[in-house]
Amino acid sequence: CRSLDALGVAWRTGGSGRLAAHPEVRDLLAFLRLVVDPGSGTDLYQVATGAPYGLGGTDLTAIMEHARRRHRTPWQVITELVDQPGLLRLSEATRAGIRRLVTDMTAAIAASHEQPVAAVLYGHLRTTGRYASLVARAEAGDDGPLRRVAQLFELLRDQGTLLTDARAAIVVPHLRALLDAGADPAADDLDPDIDAVAVLTVQKARGLEFPVVYLAGLAEGRFPARARRDRFALPE
């Protein structure tokens, strides 16, 4: 699926597809984790390189390297750069992106202590223009990203209902465990009219017809798998 994303090829899953596998959902999950833990370098990197901040290139490499050498988190470095512009030589576009990122994240972190996690995420979508972009794509005929983001909100709502507190610091750790366990909702209902690669398990493909089918991992001993004994020997 990542290779298809890199090639710009549209793809859909059916039934058992992972919601978190889609880039628009991955970005929002990284944002939520960053709200809870601003010291997470990997989540900051994902948020910073995405829309609308667009950080990257040698400037972002310099920031990450500066953080590593000074034994500081990237978040500490970019907040320092707002107050001390001369700390690193960066382009004006990078500095503008950093200022916007720090402003947005600082506001989101502050809001996360007062508002439910769904409200914080909705505010992020509005502030960054991501919501308008999702709506525009849906109006142009590609409603998959918007539907998947809506499913993420449903998952946040359900978790907030189950827990005693619906704020990010309480919900996000449970959400991560839920997604890691594979309990996330189906990412898509397979629509035969959508021009996209259908990524399916063999079981989910039964009864469906396609003009072209590729079987990944078709190798002797791997697929079809040889019959295996039970993992644990049961007493008679």
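Just so you know, these numbers come straight off a predicted model, no measurement behind them. (Residues numbered from 1 in each chain as written. Predicted model: local features only at pLDDT ≥ 70, side-chain atom pairs only at ≥ 80, totals over all residues. Heavy atoms only, no water.)

Caption draft 1: Highlighting the nonpolar core. Residues Phe31, Leu101 and Leu152 are the most contacted members of the largest nonpolar core, which totals 44 residues. Counting only elements with at least two residues in this core, the list comes to α2 (23-36), α3 (41-49), α4 (57-69), α5 (74-83), α6 (92-112), α7 (117-128), α9 (144-162) and α10 (168-180). Top element by residues in this core is α2. It accounts for 8 residues. Not counting chain neighbours up to four residues away, the residues in contact with Leu152 comprise Leu19, Val25, Leu28, Leu29, Leu121 and Leu175. (Core = buried A, V, L, I, M, F, W, Y, C linked by side-chain atoms within 4.5 Å. Buried < 20%, exposed > 50% of the residue type's maximum accessible area, 1.4 Å probe, protein only. Helix = DSSP H or I, 4+ residues; strand = E, 2+ residues; numbered from the N terminus. Contact = heavy atoms within 4.5 Å.)

Caption draft 2: How the structure looks around the side chain of Arg95. Tracing the backbone shows Arg95 in helix α6. No salt bridge is formed by the buried Arg95; its nearest oppositely charged neighbour, Glu92, is found at 5.0 Å. Of the polar contacts made by the side chain of Arg95, one reaches the backbone oxygen of Leu88; its length is 2.5 Å. Each residue touching Arg95, except ones within four places of it in the same chain, is listed here: Pro85, Leu88, Arg89 and Leu90. (Lys, Arg positive; Asp, Glu negative; His and termini not counted. Salt bridge = Lys/Arg side-chain N within 4 Å of Asp/Glu carboxyl O. Polar contact = N/O pair within 3.5 Å; in protein donor to acceptor, adjacent residues only side chain to side chain.)

Caption draft 3: Local environment of the pattern of salt bridges. Applying the stated criterion across every chain, the model contains 13 salt bridges. With a closest N to O distance of 3.2 Å, Asp27 and Arg130 form a salt bridge. Residue Asp27 is located in helix α2, and its partner Arg130 is located in helix α8 (residues 130-139); the two are separated by 103 residues in the primary sequence. A residue is classified by how much of its surface remains accessible, and Arg130, at 17% relative accessible area, is buried. Residue Arg70 is joined to Glu80 by a salt bridge in which the shortest nitrogen-to-oxygen separation is 3.1 Å. Taken together, the residues Arg70 in the loop between α4 and α5 and Glu80 in helix α5 connect sequence positions 10 residues apart. Judged by relative accessible area, which is 36%, Arg70 ranks as partly exposed. Here the salt bridges share partners, and the residues they tie into one network are Glu65, Arg68 and Arg69.

Caption draft 4: Quick peek at the environment of Gln76. Structurally, the position occupied by Gln76 is in helix α5. A relative accessible area of 31% means that Gln76 is categorised as partly exposed. Measuring from C-alpha to C-alpha, the distance between Gln76 and Gly39 comes to 7.8 Å, with 37 residues separating the pair along the chain.

Caption draft 5: Region of interest: the packing of aromatic side chains. Considering all chains together, one arrives at 1 aromatic pair under this definition. Centroid distance Tyr122 to Tyr131: 6.0 Å. Interplanar angle 65 degrees. Geometry classified as edge-to-face. (Phe/Tyr/Trp six-rings, centres within 6.5 Å; stacked < 30°, edge-to-face > 60°.)

Caption draft 6: Structural context of the packing of α2 against α3. It is at 9 Å that the axes of α2 and α3 come closest, and there the two elements cross at 130 degrees. Relative to α3, the element α2 lies oblique. Regarding α2 and α3, the two cross each other, and that crossing is left-handed. Within the contact between the two elements, α2 uses Arg26, Asp27, Ala30, Phe31, Arg33 and Leu34 and α3 uses Asp43, Leu44, Gln46 and Val47. Of the residues that constitute the contact of α2 with α3, the class distribution is 5 nonpolar, 1 polar and 4 charged. (Axes fitted to C-alpha atoms, helices over the stretch in contact; angles between N-to-C directions. Parallel < 35°, antiparallel > 145°, perpendicular 65-115°, else oblique. Left-handed = near helix turned anticlockwise from the far one by under 90°. Nonpolar A, V, L, I, M, F, W, Y, C, P; charged D, E, K, R; others polar.)

Caption draft 7: Quick look at α5. Along α5, the residues classified as buried are Pro74, Trp75, Val77, Ile78, Glu80 and Leu81. Those residues of α5 hidden inside the fold are in contact with α3, α4 and α6.

Caption draft 8: Geometry of the environment of Leu29. Following the sequence through the fold, Leu29 ends up in helix α2. Note: C-alpha distance between Leu29 and Leu121 (92 residues apart in sequence) is 9.5 Å.

Caption draft 9: Molecular detail of a nonpolar patch on the surface. A contiguous nonpolar surface patch, about 620 Å² in accessible area, is contributed by Val202, Leu208, Phe210, Val213, Leu215, Leu218 and Phe223. For Val213, the location among the structural elements is in the segment after α11 (202-205). (Patch = residues over 30% accessible without salt bridge, like charges linked within 9 Å, V, L, I, M, F, W, Y side chains within 5 Å. Areas by Shrake-Rupley, 256 points an atom, 1.4 Å probe, with all protein chains shown as cover.)

Caption draft 10: Quick peek at the packing of α2 against α7. Packing of α2 against α7 leaves a shortest axis separation of 11 Å and a crossing angle of 120 degrees. Our classification of the angle between α2 and α7 gives oblique. Judged by the twist between their axes, the crossing of α2 over α7 is right-handed. Between α2 and α7, the residues in contact are Leu28, Phe31 and Leu32 and Val117, Val120, Leu121, His124 and Leu125, respectively. For the contact of α2 with α7, the per-class residue count stands at 7 nonpolar, 1 polar and no charged.

So yeah, pure geometry; function would need other evidence.
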